[in-house]
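Given next are the chains, with one letter for each unit.
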Amino acid sequence: MEFEAVIGLEIHVELNCATKMFCDCPNRPGDEPNVNTCPTCLWFPGAMPRFSQEALEKACLLCLGLSAELQPRSAFDQKVYYYPDLPKGYQLSQAHLPLSRGGAIDIADEDANPKRMRIHHIHMEEDVARLVHEMEGRQPISLVDFNRAGVPLVEIVTEPDFRTPYEAMEFLKALRTQVRSVGSSECSMESGTMRVDANISIRPRGTAQMSTKVEVKNMNSVRHVGDAITYEINRQTAAVEAGEAVVLHTRLWDPDKKATLPMRAKFEGPCVPDPAVPVIELSHEWIEEMRARLPEMPGVRAERFVTQYGLTGEEAKSLSSDPAIAGYFEAVIGQGIAPRTGAHWLTTALVPAVRERRQELSSSPVTPARFAALLRMLSHDEINANAAREVLMQLFESDEAPEAIVSACGFRQVSDAAALDSLIDEVLGAQPAAVADFRDGQGKALGFLIGQVMQASGGRANPKVIRELLSRKLGAIS
Ligand SMILES: [Zn+2]
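Turning our eyes to something else, we now look at the coordination of the zinc ion. Those protein atoms acting as donors to the zinc ion are Cys23 (SG), Cys25 (SG), Cys38 (SG) and Cys41 (SG), and they sit at 2.3 to 2.4 Å. Every donor residue of the zinc ion comes from the same chain, spaced as C-x1-C-x12-C-x2-C. One end of the pair, cysteine 25, is in the loop between strand S1 (3-14) and helix H1 (53-65); the other, cysteine 38, is in the loop between S1 and H1, and 13 residues separate them in sequence.

Turning to the nonpolar core, a few remarks are in order. Considering soluble globular proteins, one finds that nonpolar side chains tend to be buried as a cluster. Within the largest apolar cluster, 61 residues are counted, with the highest numbers of intra-cluster contacts made by Leu9, Ile11 and Phe171. With eight residues, the top contributor of residues to this core is H1. The contacts of isoleucine 11, once residues within four sequence positions are left out, are Val154, Glu155, Ile156, Thr158, Phe171, Leu172, Leu175, Met194, Arg195 and Val196. Within the second largest apolar cluster, 39 residues are counted, among which are Tyr309, Ala316, Val354 and Ala387.

It is worth spelling out the pattern of salt bridges at this point. Within the structure shown, the criterion is met by 30 salt bridges. Across the pair arginine 50 and aspartate 24 runs a salt bridge, and its minimum N-O distance is 3.5 Å. Taken together, the residues span a long stretch of sequence, with arginine 50 in the loop between S1 and H1 and aspartate 24 in the loop between S1 and H1 at a distance of 26 residues. Among the salt bridges present, the one from glutamate 57 reaches arginine 293, with a minimum N-O distance of 3.2 Å. Within this pair, whereas glutamate 57 is found in helix H1, its partner arginine 293 is found in helix H4 (residues 284-293), the two being separated by 236 residues in sequence. On the basis of relative accessibility, which here comes to 46%, the residue arginine 293 falls in the partly exposed class. Each of Glu14, Asp127, Arg148 and Arg195 takes part in salt bridges that share partners, so that together they form one network.

Bringing the domain arrangement of the protein into the picture now. Domain boundaries in the protein define domain 1 (3-286), domain 2 (296-409) and domain 3 (417-477). The centre of domain 1, based on its C-alpha atoms, is set 37 Å off from the matching centre of domain 2. Taken together, the contact pairs five residues of domain 1 with four residues of domain 2. Interface area, domain 1 with domain 2, both sides summed: about 400 Å², of which 73% is carbon and sulfur. When residues of domain 1 are sorted by the area they lose upon contact with domain 2, Thr177, Gln178 and Ser181 head the list and together hold 74% of the total. Inspection of the region where domain 1 meets domain 2 yields zero salt bridges. Applying the counting rule to domain 1 against domain 2 returns zero residue pairs in polar contact (both at pLDDT 80 or more).

This paragraph deals with helix H3 (residues 222-241). In an α-helix, one full turn covers 3.6 residues, which means residues spaced three or four apart are oriented alike. For H3, spanning 20 residues, the distance from its first C-alpha to its last is 29 Å, which sits close to the expected 28 Å at 1.5 Å a residue. Of all the residues in H3, the buried ones are Val222, His224, Val225, Gly226, Ala228, Ile229, Glu232, Ile233, Gln236, Thr237 and Ala239. On its buried side, H3 packs onto S1, helix H2 (165-182), strand S12 (194-204), strand S13 (214-219), strand S14 (249-254) and strand S15 (259-262). Downstream of H3 by a residue or two, glycine 243 has a phi angle that is positive, lying close to 80°.

Attention now goes to the packing of aromatic side chains. Across all of its chains, the model carries ten aromatic pairs by this definition. For the pair phenylalanine 51 and phenylalanine 76, a centre-to-centre distance of 5.4 Å together with 65° between the ring planes defines the contact as edge-to-face. With a gap of 25 residues between them, phenylalanine 51 in the loop between S1 and H1 and phenylalanine 76 in the loop between strand S3 (73-74) and strand S4 (77-82) connect regions that are remote in the sequence. Its relative accessible area of 2% is what places phenylalanine 76 among the buried residues. Relative to phenylalanine 171, the ring of phenylalanine 162 has its centre 5.1 Å away and its plane inclined at 80°; by these criteria the two rings are edge-to-face. A relative accessible area of 0% places phenylalanine 171 in the buried class. The rings of Phe22, Phe51 and Phe76 are connected pair by pair, giving a single aromatic cluster.

The next subject is the pairing of strand S7 (residues 104-108). The side chains of a regular strand alternate, residue by residue, between the two faces of the sheet. Sheet topology places S7 next to strand S8 (residues 114-126); five bridges connect them, and they run antiparallel. Looking at S8, one finds that aspartate 106 is bridged to arginine 116. Counted between consecutive antiparallel strands, the loop separating S7 from S8 contains five residues, among which alanine 112 sits at a positive phi close to 65°.

With their axes 10 Å apart at the nearest point, helix H7 (residues 323-333) and helix H8 (residues 339-356) run at an angle of 130° to one another. As far as their axial angle goes, H8 and H7 are oblique. In this structure, H7 meets H8 at a crossing whose hand is right-handed. Of the residues in H8, those touching H7 at Ile325, Tyr328, Phe329 and Ile333 are Pro339, Gly342, Ala343, Leu346, Leu350, Val351 and Arg355. In the contact of H7 with H8, the residues fall into nine nonpolar, one polar and one charged.

Looking at the secondary structure, you find proline 29 in the loop between S1 and H1. As a C-alpha pair, proline 29 and arginine 130 span 101 residues in sequence and 9.0 Å in three-dimensional space. Among residues more than four places away in sequence, those in contact with proline 29 are Glu14, Asp145, Asn147, Arg148 and Val151.

For helix H14 (residues 444-456), spanning 13 residues, the distance from its first C-alpha to its last is 19 Å, which sits close to the expected 18 Å at 1.5 Å a residue. Glycine 458 lies just past H14 and shows a positive phi near 70°.

Next up on the list: the pairing of S8. Of the pairings in the sheet, the one linking strand S6 (residues 100-101) to S8 comprises two bridges and is antiparallel in character. Among the inter-strand pairings, arginine 101 is bridged to a residue of S8, identified as histidine 121. Pairing geometry for S8 and strand S11 (residues 152-158), over seven bridges, is antiparallel. Within S11, the residue paired with histidine 121 across the bridge is valine 157.

Scoring rules and cut-offs
Residues numbered from 1 in each chain as written. Predicted model: local features only at pLDDT ≥ 70, side-chain atom pairs only at ≥ 80, totals over all residues. Heavy atoms only, no water. Donors = N, O, S within 2.8 Å, 3.2 Å for Na, K, Ca; no water. Helix = DSSP H or I, 4+ residues; strand = E, 2+ residues; numbered from the N terminus. Core = buried A, V, L, I, M, F, W, Y, C linked by side-chain atoms within 4.5 Å. Buried < 20%, exposed > 50% of the residue type's maximum accessible area, 1.4 Å probe, protein only. Contact = heavy atoms within 4.5 Å. Salt bridge = Lys/Arg side-chain N within 4 Å of Asp/Glu carboxyl O. Domains from an automatic or database assignment. Buried area = accessible area lost by both parts, 1.4 Å probe. Polar contact = N/O pair within 3.5 Å; in protein donor to acceptor, adjacent residues only side chain to side chain. Expected span 1.5 Å × (residues − 1). Phe/Tyr/Trp six-rings, centres within 6.5 Å; stacked < 30°, edge-to-face > 60°. Pairing = 2+ DSSP bridges. Axes fitted to C-alpha atoms, helices over the stretch in contact; angles between N-to-C directions. Parallel < 35°, antiparallel > 145°, perpendicular 65-115°, else oblique. Left-handed = near helix turned anticlockwise from the far one by under 90°. Nonpolar A, V, L, I, M, F, W, Y, C, P; charged D, E, K, R; others polar.

Next up, the structure:
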């Protein structure tokens, strides 16, 4: 029997607010342990939570950015469970009345067909403390760091619309781009500001059967999510084919073993409405105010890049997926650079070079003005593409203007026919075989001869001019 997977995702996103969700402690979980604490986020009995306006705004922007419908009325519940990372015994979360319902992200599946992945709802909750397991001598100990306790989170719960690991990975990449665009979170799986749980079940292909699902946690990259889902689909398929039952439980992805392993269950109790945090009521006017604050989303920006600048869909998509790259692109073409040239050099040369150096584009020494100056020399045929690549690398090392680097290193392109003429004569004299091949109609001989002239010029000749001159000369010879 052939099986298909049914996959749903639950994504926790840490909001980049200045403070925690219910107190004024700094939202900096990475500080020295237990410095960012107060009676509220140490969860002392009687301490009153005060809900952060910034957390509400950032959570709402995130929802609107994902086309979700903000609910006029939402509220916090006490989600009861007992575990050392939650000594008060319950987490403030929205179980019954979530902040938003609906929403979707459009992706392309493996066959490049468009597919809409629906979001069921998005709710807010406070993060729990962090447990640190260490050795004290030979004694294993567990420590609790409350810096993370009360940090504002949203949880995005999808519909079980995913059928393959690929679709889940594409969704997560698009989600990350969109949340970064609205500025609510950095969404880094590596540093834990985005955490993904996957619910996976299998059923005979083409049926609507509901099967027992298994939850997988602890993936810290998009790649790991794909690997964990693949592993789990194979594991469940093998179990069903061997006549075993799949039981509801939670597993952890072990990236070293490349396997999911069962984890110990936590006690989970009921969810009861919290009496201390007031109900959140959003007016229509306030929601529209938030919507007006939304920046241009990547999909809309990509369409604009196609119509406004004449880019291909592929170019527009790759530029607009990262707001920093999109902004840089517009700054460069604002300096008079042709959009296709700017797009090509930005995505194929500058962005890879910046990544290789582990820099950020916005703080790279290659500012839009310097990059534009380089591309301007290229468009004016003052340098050729090879020289442009070399000068670009030097822009990372030196404060000099591109023009100065070109002059100092002798990169200026030789387009002067008189200067190239003698080089071409030399090459033609030295390569009688290639000249004969060309006369016999072998087109690739011309490419070879252009290469020889290029080499003779120390890489500085203008290939367009060489081609013209060579063709004319060879025509004259024959
Ligand atoms: Zn606090």
